[in-house]
Every structure is written in structure tokens, then in C-alpha cells.
Amino acid sequence: MNRRTLWLLGAGLLSLAGAVIAAEPHGPAEATPSGLNPNPVHLYRPPVEPLSAMAQLGKAIFFDASLSSSGALSCASCHSPDHAYGPPNDGPVMLGGANLSRQGARAVPSLTYLERHPNFSIGPEKADDDNVVDLAQMAALGQSAVRTTKTAGGTGASANIVPQGGLFWDGRADTLQEQALFPLLDPNEMDGGSVEIVADKLRNAPYAQRFVELFGAGVMRNQRLLIAEAMFAVARYQVEEQSFHPYSSKYDDWLEGKTRLSESELRGLQLFNDPDKANCAGCHTSAPSRDGLPPLFTDHQYEVLGAPRNAALAGNGDPGYFDLGVCGPHRTDMAEQTQYCGMFLTPTLRNTATRRAFFHNGVFKTLEQVLDFYNFRDTNPEKVFPRAVDGTVRKYDDLPERYHANVDVTDPPFDRHLGDKPAMTEQDEADIIAFLKTLTDGYKVEN
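For clarity, every value in this text was computed on a predicted model and none was experimentally measured.

Novice: Now, about the overall build of the chain: what can you tell me, with residues and values included?
Specialist: Across its full length, the chain holds 13 helices and six strands. Counting over 447 residues, the chain shows a buried share of 53%. When contacts within the chain are restricted to residue pairs at least 6 apart in sequence, those whose partners lie at least 24 apart make up 70%. As displayed, the chain offers around 19,900 Å² of accessible surface, 53% of which is attributable to carbon and sulfur atoms.

Listed below in C-alpha cells is the structure:
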């Protein structure tokens, strides 16, 4: 965790003394035939405490639709508490703007499990006492560095000189308060209009007096400070409110020896962690940390997977338009680092079974489609990509050809070739999906 983000977390999330972990740190133990974890662990979870006055203010702002130009869209509209703080609809993106008719640019990510998310950087995580190397220097190193293959249970990939951390699909925000401001002003989302308009709405909001109580009367005269404190309050709400990071899935209970996994779920877990099969854990780490923190199911790194183009997105009606992730168009400071074009953040898989839009462009609607993509992208691309007029398969059709070399073709199961046997059978995919459903929060042990 970078020092720049420690202030946001608070002592409650950093007090790890006494956490005990008995599992192998690089992969969960094999289950017994009974479905129980033979090496149960103690997972450290943040203590549940009443929301601070700051967080209560943030909650009021999070649910305030009047801050949008339509008067009908709040943070909670796209990040619904009833849908793991993800989108509540089945579309690839959400609609916003003054008339709720404008498409958002990308699929809405969940706001859960961001309290441990690192800042954006390139290359291995730096300790506080390490020499700081700026992004441009690290990116220059990354142009020629050889990437280590990422396999479940492996450790070498952590040293890869690739982007990691940051918020949004392209990592352009480092803090939760930065992240909250973007959709507030985005004309395709809440469409707040301007800093001046939003500040005036905050001054007249039912909760305006809370700003004075927390920050003094002067905050109302300084519009930029007012908005900054408002976004800080939203961030505090996300950090303090347990439902943003409950760690209450069936898998969490299984890790602690409180429940059994079914035969299908167990097979799915084994396939998830098998580098010769699905290899999901190569990027979506499934083991608790050494200090007892529950697994986040992401390594926070970025990948170029070459997902198909989504014709349902209005912007894609322009054949010359491409969403290049880290390279733009929404992020502008990395445009020259073309080795990263097409890279998007690896999301957590917690609560993924509750979603109806997958990947940055929402091109897939089901987990079955997602697993088919991983399974057939290279062995049978005609199963997942469209065909051109001449009948040829348009592989990587959402990425300019000059960047096709960026696509990951080394990490299993993407190390296979045309005509090879796919990594997974239909039953394998079904079992993996059964396991992924154990990552949904709110599990209650059956009596």
C-alpha cells in the first residue's frame, strides 16, 4: 500500500496485529472429499463501527440525484447497493446526461473492494523507502522488458513492468475522491455541468449545514474546497461502510472452515487454480494474503486481452474510433506509451456472478460467454469473433492492427494456437461458473 493512500484508510483497516493465516500464501489448500477446507484460516476483516459524521455526509451525497442535470441520477443509480455497487441493468453501459439518453463510455465497474486498491504505477510495487521512478522512466523500461508468464501459484509475474493499480478501467484516478468527481461532471453520466453549478447545489442541499459543522462556514465561500470536501466525504463513506467490503461470500466461509463446497464448486476451484486449465488465478489471485486479509481476486495489473468490439456502443459506430484503455482516449498522459495500448485493469471477480456486462466494453452478457472467450479465442476464434464480408474471422477487431502485438498470447490459456485442443471442456466451464458463484457476498450457511 502506498503511503499516499494510507490517510484514506484509517486505523481500522490497518490494524492487522494478531491476524493469523495458516494457508499456503500462493494458493488455497486442496479440499477434502467432504468439501471442507482441510486447512481453515482466520480472515481479518475491518471492524464494523458506526459511520463517522464525515461518512454520513458522504452517504447523503452518494444518494443525491439532484446533483445530476437530469435530477434522476446519483452515484447509487449506477453503483447500486443491491447489485454489489455495480450497474442495476442488463445493458453494456449505463445511460446518463440531461435526458438519460446518452451512453456511458464503458461498462460500469463495481465500487466494492477498492479500499485496498493501490495507486497507479508501472512495474513492481515500491516500498516507501525505495527510490521513486516516474511513470515515463518505468514505461521506457517496459518497452524492452521481457514479460514473465503469469500462472496460478506463480510469483514471477509480480515483477513485470506493466501498469497496475489506479481506479477506472484505465487507472486515471488514484483516490476514491478523484474517482467520485469524474462521473459527477461527465456529460454522459451525472452531467453536473461545472464546478460552479455543483457547488451551488451543494450549498442548497438538505445536508448543507453538515459542511459548516465539519469544515467551518468558510467552506461555503470556496467552491473548489467545497467540492473537494464533498468528494472526500464520499470516499470516507466507501471506506467506512461495511457493505463496500463485506467479505461475506461462501468462499470466505469455506476458507475459514465454516461451510462445504459442492463437488462442482470444488472442481471449479481446482480448475480456477490449475495453470494447465483455466489459470484464472494467474491474474485473479484466490489465496488470502500472508497477513490474513481475504483474497481480492485481482492482481491489480493490466492486460490486453483483445475482446471483440461491441456494436451496441454508439461510439463504435465510427470505424476509426477505438478505446485503447491506458493509451486513451479518456486517459491522456500515457498516449505515447503504445506498448500499453489496449490494456485494461483486471477487475475483482468478487460478486462477478451478479453482473450482466463483462469486460470494459460490456461485450459479454454472461459468464458462459466470458469463459468461451478465454477458451476459444486462439483455438477456435470463429466462435467468439465476427466474420468479415469475405468470410475471414476478424480477430481482435476492437484493437487497431498495429497494436495486435500487445495482446497477451503467453499466459495460459492464451498460449494455445489455432486448431489446438481448447483448455476447458463444457463441463469445466460449468464447474468454474459454479465456483464463481461462491464469490457472491451475503452467503448464509445452510442448516
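There's more to say after this.
Novice: Provide a residue-level description of the confidence of the model for the chain, including the pertinent values.
Specialist: The share of residues in the chain with pLDDT of 70 or more is 86%, and the mean pLDDT across the chain is 89. Low pLDDT (under 50) marks residues 1-27, which in the prediction has 63 contacts with non-local residues, meaning those over four places away or in another chain. In the predicted structure, residues 127-131 sits below a pLDDT of 50 and forms two contacts with residues beyond four places in sequence or in another chain.

Novice: Can you lay out the state of the cysteines for me, pointing to particular residues and giving the numbers?
Specialist: The tally for this structure, following the rule as stated, stands at one disulfide. In this structure cysteine 78 is a free cysteine whose sulfur lies 8.7 Å from that of cysteine 75, the closest cysteine sulfur available. For cysteine 78, a relative accessible area of 11% gives the class buried. The structure places no disulfide on cysteine 283, whose sulfur is separated from the nearest cysteine sulfur, that of cysteine 280, by 9.3 Å. Classification of cysteine 283 by relative accessible area gives buried; the value is 15%.

Novice: Give me the packing of aromatic side chains: which residues, what numbers.
Specialist: Using the criterion set out here, one finds 26 aromatic pairs in the structure. When the centroid spacing of 5.2 Å and the interplanar angle of 15° are considered together, the rings of tyrosine 374 and phenylalanine 414 count as stacked. Taken as a pair, tyrosine 374 in helix H12 (residues 367-376) and phenylalanine 414 in the loop between H12 and helix H13 (426-436) lie far apart in primary sequence, 40 residues in all. We classify tyrosine 374 as partly exposed; its relative accessible area is 21%. In textbook terms, an aromatic cluster arises when at least three aromatic residues are bridged by ring pairs, as seen for Phe359, Phe364, Phe373, Tyr374, Phe385, Tyr396 and Phe414. Lying across the ring of phenylalanine 182, arginine 172 places its NZ or CZ 4.9 Å from the centre. Above the plane of the ring of tyrosine 113 lies arginine 350, whose end atom (NZ or CZ) is 5.1 Å from the centre.

Novice: Any chance you could break down helix H3 (residues 53-62) for me, citing the residues and the numbers?
Specialist: Among the residues of H3, Met54, Ala55, Leu57, Gly58, Ile61 and Phe62 are the ones counted as buried. Taken around the axis of H3, the buried residues stretch over an arc of 155°, which confines them to a single face. On its buried face, H3 is in contact with helix H4 (75-78), helix H8 (208-215) and helix H9 (223-240).

Novice: Explain unusual backbone geometry to me, using residue names and the numbers behind them.
Specialist: The omega angle of the peptide bond from glycine 328 to proline 329 is 10°, so this bond is cis rather than trans. Looking at the element boundaries, proline 329 is found in the loop between strand S5 (302-303) and strand S6 (344-345). With an omega of 5°, the peptide bond running from proline 412 to proline 413 counts as cis. Position of proline 413 among the secondary structure elements: in the loop between H12 and H13. Phi at tyrosine 247 takes a positive value of approximately 50°, unusual for a residue other than glycine. Tracing the chain through its elements places tyrosine 247 in the loop between H9 and helix H10 (250-255). With a phi close to 55°, tyrosine 396 is a non-glycine residue in the positive phi region.

Novice: With reference to specific residues and values, describe the nonpolar core.
Specialist: Core analysis: the biggest nonpolar cluster contains 55 residues, and Tyr251, Phe272, Phe359, Phe373, Phe435 and Leu436 have the highest contact counts within it. Secondary-structure elements contributing two or more residues to this core are H10, helix H11 (263-272), H12 and H13. Residue contributions to this core peak at five residues, all from H12. Apart from the residues within four sequence positions on either side, phenylalanine 272 is in contact with Ala278, Asn279, Cys280, Ala281, His284, Ser286, Phe297, Leu349, Phe435 and Leu436. In this structure, Met190, Val198, Ala230 and Phe244 belong to the second largest nonpolar core, which totals 44 residues.

Novice: Explain the packing of H3 against H8 to me, using residue names and the numbers behind them.
Specialist: For any two helices packed against each other, the geometry is given by the interaxial angle and the distance between the axes. Where H3 meets H8, the axes come as close as 11 Å, and the angle between the chain directions of the two elements is 155°. Relative to H8, the element H3 lies roughly antiparallel. Remark: the crossing between H3 and H8 carries left-handed chirality. When H3 is examined against H8, the residues Ala53, Met54, Gln56, Leu57, Ala60 and Ile61 are found in contact with a partner set consisting of Arg210, Phe211, Leu214 and Phe215. A breakdown of the residues in the contact of H3 with H8 according to their chemical character gives eight nonpolar, one polar and one charged.

Reading the values: rules and limits
- Residues numbered from 1 in each chain as written.
- Predicted model: local features only at pLDDT ≥ 70, side-chain atom pairs only at ≥ 80, totals over all residues.
- Heavy atoms only, no water.
- Helix = DSSP H or I, 4+ residues; strand = E, 2+ residues; numbered from the N terminus.
- Buried < 20%, exposed > 50% of the residue type's maximum accessible area, 1.4 Å probe, protein only.
- Contact = heavy atoms within 4.5 Å.
- Areas by Shrake-Rupley, 256 points an atom, 1.4 Å probe, with all protein chains shown as cover.
- pLDDT = per-residue confidence, 0-100.
- Disulfide = S-S within 2.5 Å.
- Phe/Tyr/Trp six-rings, centres within 6.5 Å; stacked < 30°, edge-to-face > 60°.
- Lys NZ or Arg CZ within 6 Å of the ring centre and 35° of its normal.
- Arc of directions from axis to C-beta.
- Core = buried A, V, L, I, M, F, W, Y, C linked by side-chain atoms within 4.5 Å.
- Axes fitted to C-alpha atoms, helices over the stretch in contact; angles between N-to-C directions.
- Parallel < 35°, antiparallel > 145°, perpendicular 65-115°, else oblique.
- Left-handed = near helix turned anticlockwise from the far one by under 90°.
- Nonpolar A, V, L, I, M, F, W, Y, C, P; charged D, E, K, R; others polar.

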